[in-house]
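Structural features, examined
Chain by chain, the residues:
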Amino acid sequence: MQYPEWIWHNGAIKRWEEATTHVMAHALHYGSSVFEGIRSYDTPSGPAIFRLIDHNTRMYASARIYDMQMPYGLDVINAACREVIRRNGLTQAYLRPFAFRGLGGFGLSADTPVEMSVASWFMGPYLGPGVLETGIDACVSSWQRCAPNTIPSGAKAGGNYLSGQLIAREARRLGFGEGIALASTGLLSEGAGENLFLVFDGALHTTPVSAALLNGITRHTIITLAREAGIDVVERDLPREYLYLCDELFMCGTAAEITPIRSVDGRQVGAGKPGPVTRRMQELFFGLFDGSTPDRHGWLEYV
Ligand code: PMP
């Protein structure tokens, strides 16, 4: 892999290879980190970071859940995000702000110093070339999401992604593009790293945050854009079989953007290709970056 030249680490811009930590850092052993995934896009007015402040605010909320004392404020991290995009000369990129318990204690409850970093690199479609147009084949995972009173899904914490890895790796091993997990209730939750939308009779149906999922910023963007376009959105509990009955189905997330799903567990969804509501949502979403959808909410942060 080709790495970019610059990264922000503990208050300074460094060369990529200099941003290192100790093997005994707490987070490496216990998953004690929080992070964000943010995209920047090449817009007619220059590179813009999508919902930068909302993402970083969520990272501080994740830290609060785990009682992690952040050594830098939100404004510093927002500025670091802009700076790594500029320094690396990136336009269409992925940003990874990150905070983790570092070296300074081996006990589970140790209050070690917290280190912070912000990386950025070029990123195309997350689930593979062409998937935004063709859609992916998904499967329901044999792994379910953590129950709400075990590991909180509302925190975007490193340890949560052990669940995501099991789901994603099982799906890839079986030849699927992505895995979908059920919650401990048996109802639909979300993808390994994406929220879910089902379409019935022209309306969008999405699983509620009570279904042990991350309250996605792309999910919120889609709900907002759909309602503004007069498309009904329903947040509701959904049983697994609705995946087989819906007219259209897609996943969404910062990395996955809006990825249509053309089959689940080998059963074709709708016409087996992205349907009209999915395509309309893609148009509205990607329109934010070419100017065809007005940025009514100040979501674009120009670098
Ligand atoms: N669920 C999980 C588990 C995720 O990792 C992500 C990606 N951050 C999402 C949903 C989508 O969230 P967002 O739209 O904020 O990227």
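Every chain begins its residue count from 1, and numbering advances along the sequence as written. For a predicted model such as this one, the threshold for reporting local features is a pLDDT of at least 70, and the threshold for listing and counting side-chain atom pairs is 80 or more; totals across whole chains, interfaces and linings nevertheless cover every residue.

How we decide: UniProt positions are given in the numbering used here, feature names are shortened, and annotations may be inferred rather than shown by experiment.
The name given to the protein in an unreviewed UniProt entry is Branched-chain-amino-acid aminotransferase, with the source organism recorded as Lysobacter spongiicola DSM 21749. For the protein, the Sequence similarities (unreviewed entry) comment in UniProt is given as "Belongs to the class-IV pyridoxal-phosphate-dependent aminotransferase family."

1. Details of the site of the ligand
For clarity, the threshold we go by: Any residue whose C-beta atom, as set from the backbone, lies within 6 Å of a molecule or strand is reported as near that molecule or strand. Under the DSSP-based scheme used, a helix requires at least four consecutive residues in state H or I and a strand at least two consecutive residues in state E, with every element numbered from the N terminus. Polar here means any residue other than Ala, Val, Leu, Ile, Met, Phe, Trp, Tyr, Cys and Pro, which are nonpolar, and Asp, Glu, Lys and Arg, which are charged; Gly is therefore polar.
Taken together, 14 residues lie around the ligand, and G216, I217, T218, G253 and T254 are the ones closest in. Element by element, the count of residues in the shell around the ligand is highest for helix α6 (residues 217-228), at three residues. Class assignment for the residues of the shell around the ligand results in three nonpolar, eight polar and three charged.

2. What to know about the nonpolar core
Where we set the bar: Remark: nonpolar core denotes a set of buried Ala, Val, Leu, Ile, Met, Phe, Trp, Tyr and Cys residues whose joining runs through C-beta atoms within 7 Å. Residue burial is a threshold on neighbouring C-beta atoms within 10 Å of the residue's own C-beta, all placed from the backbone, with 20 or more meaning buried, 12 or fewer meaning exposed, and counts in between meaning partly exposed.
Counting residues in each nonpolar core, the largest one holds 45 residues, and the members touching the most others are F197, L249 and I261. M59, A63, C81 and F100 belong to the second largest nonpolar core, which has 33 residues in total.

3. Overview of the domain arrangement of the protein
Rule in force here: As used throughout, domain bounds are those supplied by an automatic or database domain assignment. Residue pairs qualify as contacts under a 7 Å threshold applied to their C-beta atoms, which are placed from the backbone.
What the domain assignment lists for the protein is domain 1 (6-122) and domain 2 (131-290). A C-alpha centroid distance of 26 Å is found between domain 1 and domain 2. Taken together, the contact pairs 22 residues of domain 1 with 12 residues of domain 2. Only β3 (33-35), β4 (38-43) and α2 (52-65) provide two or more residues apiece to the side of domain 1 that touches domain 2. In terms of residue count, the dominant contributor to the side of domain 1 that touches domain 2 is α2 (six residues).

4. Overview of helix α5 (residues 161-173)
For the record, the criterion: In this scheme, a helix's expected span is set at 1.5 Å multiplied by one less than its residue total. Directions pointing from the helix axis toward each C-beta atom define the arc.
Given a rise of 1.5 Å per residue, 13 residues ought to cover 18 Å, and the 18 Å separating the end C-alpha atoms of α5 matches this to within 8%. Taken together, the buried positions of α5 are I167, A168 and A171. Viewed end-on, α5 has its buried residues packed into an arc of 90 degrees, placing them on one side of the element. Packed against the buried residues of α5 are β8 (136-140) and β9 (178-182). Positive backbone phi, approximately 90 degrees, marks G175, located one or two places after α5.

5. Let's talk about the packing of α2 against helix α3 (residues 74-87)
For clarity, the threshold we go by: Orientation is described by lines fitted to C-alpha atoms, with helices fitted over the stretch in contact, and by angles between N-to-C directions that extend from 0 to 180 degrees. Here the word oblique covers every angle except those under 35 degrees (roughly parallel), over 145 (roughly antiparallel) and from 65 to 115 (roughly perpendicular). Left-handed is the label given to a crossing in which the near helix is rotated counterclockwise from the far helix by less than a right angle, and right-handed is the label when the rotation is clockwise.
The geometry of α2 relative to α3 is characterised by a closest axis approach of 10 Å and an angle of 130 degrees between their N-to-C directions. One finds that α2 runs oblique with respect to α3. In terms of crossing hand, the pair formed by α2 and α3 is right-handed. Here L52, I53, N56, T57 and Y60 of α2 come into contact with α3, specifically with L74, I77, N78 and C81. A class-by-class count of the residues in the contact of α2 with α3 yields six nonpolar, three polar and no charged.

6. Re the pairing of β8
Stated formally: If DSSP finds at least two bridges between two strands, the strands pair. A right-handed crossover is one whose linking path, passing over the helix from the first strand to the second, runs clockwise when the strands point away from the viewer.
With respect to burial, β8 is a largely interior element, four of its five residues being buried. Examined bridge by bridge, β8 and strand β15 (residues 257-264) share three bridges and lie parallel to one another. Each residue of the ladder has a partner; that of D137, found in β15, is S263. Pairing geometry for β8 and β9, over three bridges, is parallel. The partner of A138 across the bridge, within β9, is E178. Read as a crossover between parallel neighbours, the route from β8 over α5 to β9 is right-handed.

7. Considering the pairing of strand β1 (residues 6-9)
Of the two faces of β1, the one lined by W6 and W8 and the one lined by I7 and H9 are each fully buried. Across four bridges, β1 lies against strand β2 (residues 12-15) in antiparallel orientation. Looking across to β2, one finds that W6 is bridged to R15. Between β1 and β2, which follow one another and run antiparallel, lie two residues, and N10 among them has a positive phi close to 50 degrees. With two bridges connecting them, β1 and strand β7 (residues 114-122) associate as antiparallel partners.

8. A few points about α3
Between its first and last C-alpha, α3 extends 20 Å over 14 residues, near the 20 Å set by a 1.5 Å rise per residue. Taken together, the buried positions of α3 are I77, A80, C81, V84 and I85. Within α3, the buried residues cover an arc of 130 degrees as seen down the axis, which keeps them to one side. Its buried side turned inward, α3 meets β1, β4, β5 (46-50), α2, β6 (93-101) and β7.

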